[in-house]
Amino acid sequence: QKEVEQNSGPLSVPEGAIASLNCTYSDRGSQSFFWYRQYSGKSPELIMFIYSNGDKEDGRFTAQLNKASQYVSLLIRDSQPSDSATYLCAVEETDSWGKLQFGAGTQVVVTP
Amino acid sequence: DVKVTQSSRYLVKRTGEKVFLECVQDMDHENMFWYRQDPGLGLRLIYFSYDVKMKEKGDIPEGYSVSREKKERFSLILESASTNQTSMYLCASFDPRQETQYFGPGTRLLVL
């Protein structure tokens, strides 16, 4: 059974601070990794994807990937109250084009 | 922009009813997915489809079936609704250029 693990939280972050979210996965052959944001009662929306080891930055978001250690992380800099949401880590399954395994999500709460 | 729509945002049905949930995407995507999402359990894949009339079971197909007669439309069918099928149902479409899934707004189903 392929697994994607995340801390459920809630992760409480002061406004303006950095939120750090971690995700580990079991499918060693996975090549594509995604972070989705989901507001309460809404559907997930894609915020970042990463394919190569290292860091990828997009605005206040940075995704980090380490395939050897099988973890992917997301940093949110200068956290804002609007960042309060659940963040889902997703990993594309090996040889199953388009099929993703999702973690259960980490709830982030940004406090003013 | 990728647009994925679902036929209903909220639905109330009675035990034993046959329920149809429809999903439509306008980007000519081949791969489409149906998930359910429950608190603490994350997104669980019910069924997916790689093309018209092609379907594959996901992790929790029991009690569900699907139909894909046209490329843009992927329907989830609850043959005889039960209370344990009360959930949020999410449809997704796979964008091969971004190599990721985009979600519809979701259908919150309550089975009484």
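As shown above, the structure is provided for reference.
This write-up is about the structure you can find in this document. (Residues numbered from 1 in each chain as written. Chains lettered and ligands numbered in written order. Predicted model: local features only at pLDDT ≥ 70, side-chain atom pairs only at ≥ 80, totals over all residues. Heavy atoms only, no water.)

Bringing the sheet that holds strand 8 (residues 71-76) of chain A into the picture now. Residues and elements named next belong to chain A. As summarised here, the arrangement of the 5 strands in space is 1-3-8-7-6, forming an open sheet in which the pairing is antiparallel. The sheet terminates laterally at strand 1 (4-6) and strand 6 (54-58), the two strands that pair on one side only. Pairwise comparison of adjacent strand axes, ignoring direction, gives a mean angle of 20° for this sheet. Bridge count for strand 3 (residues 19-25) against strand 8 is 6 bridges, and the pairing is antiparallel. Bridge pairing in strand 8 links Asn22 to Ser73. (Pairing = 2+ DSSP bridges. Helix = DSSP H or I, 4+ residues; strand = E, 2+ residues; numbered from the N terminus. Axes fitted to C-alpha atoms, helices over the stretch in contact; angles between N-to-C directions.)

Turning our eyes to something else, we now look at the packing of aromatic side chains. A full pass over the atoms with the stated rule returns 11 aromatic pairs over all chains. Taken together, a centroid distance of 5.6 Å and an interplanar angle of 55° make the contact between Tyr36 of chain A and Phe102 of chain A tilted. One end of the pair, Tyr36 of chain A, is in strand 4 (residues 33-38); the other, Phe102 of chain A, is in strand 10 (residues 100-102), and 66 residues separate them in sequence. Their ring planes at 70° and their centres at 5.9 Å tell us that Phe102 of chain A and Phe103 of chain B sit as a pair that is edge-to-face. Of the two residues, Phe102 of chain A sits in strand 10 while Phe103 of chain B sits in strand 10 (residues 100-103), which places them in two different chains. Residue Phe102 of chain A shares its accessibility class with Phe103 of chain B, and that shared class is buried. By the ring-pair criterion, three or more aromatic residues cluster together here, those being Tyr36 and Phe102 of chain A together with Phe33, Tyr35, Phe48, Tyr50 and Phe103 of chain B. Positioned over the ring face of Phe49 of chain A is Lys56 of chain A, at 3.5 Å from the centre of the ring. Of note, Arg68 of chain B hangs over the ring of Phe74 of chain B, and the distance from its end group to the ring centre comes to 6.0 Å. (Phe/Tyr/Trp six-rings, centres within 6.5 Å; stacked < 30°, edge-to-face > 60°. Buried < 20%, exposed > 50% of the residue type's maximum accessible area, 1.4 Å probe, protein only. Lys NZ or Arg CZ within 6 Å of the ring centre and 35° of its normal.)

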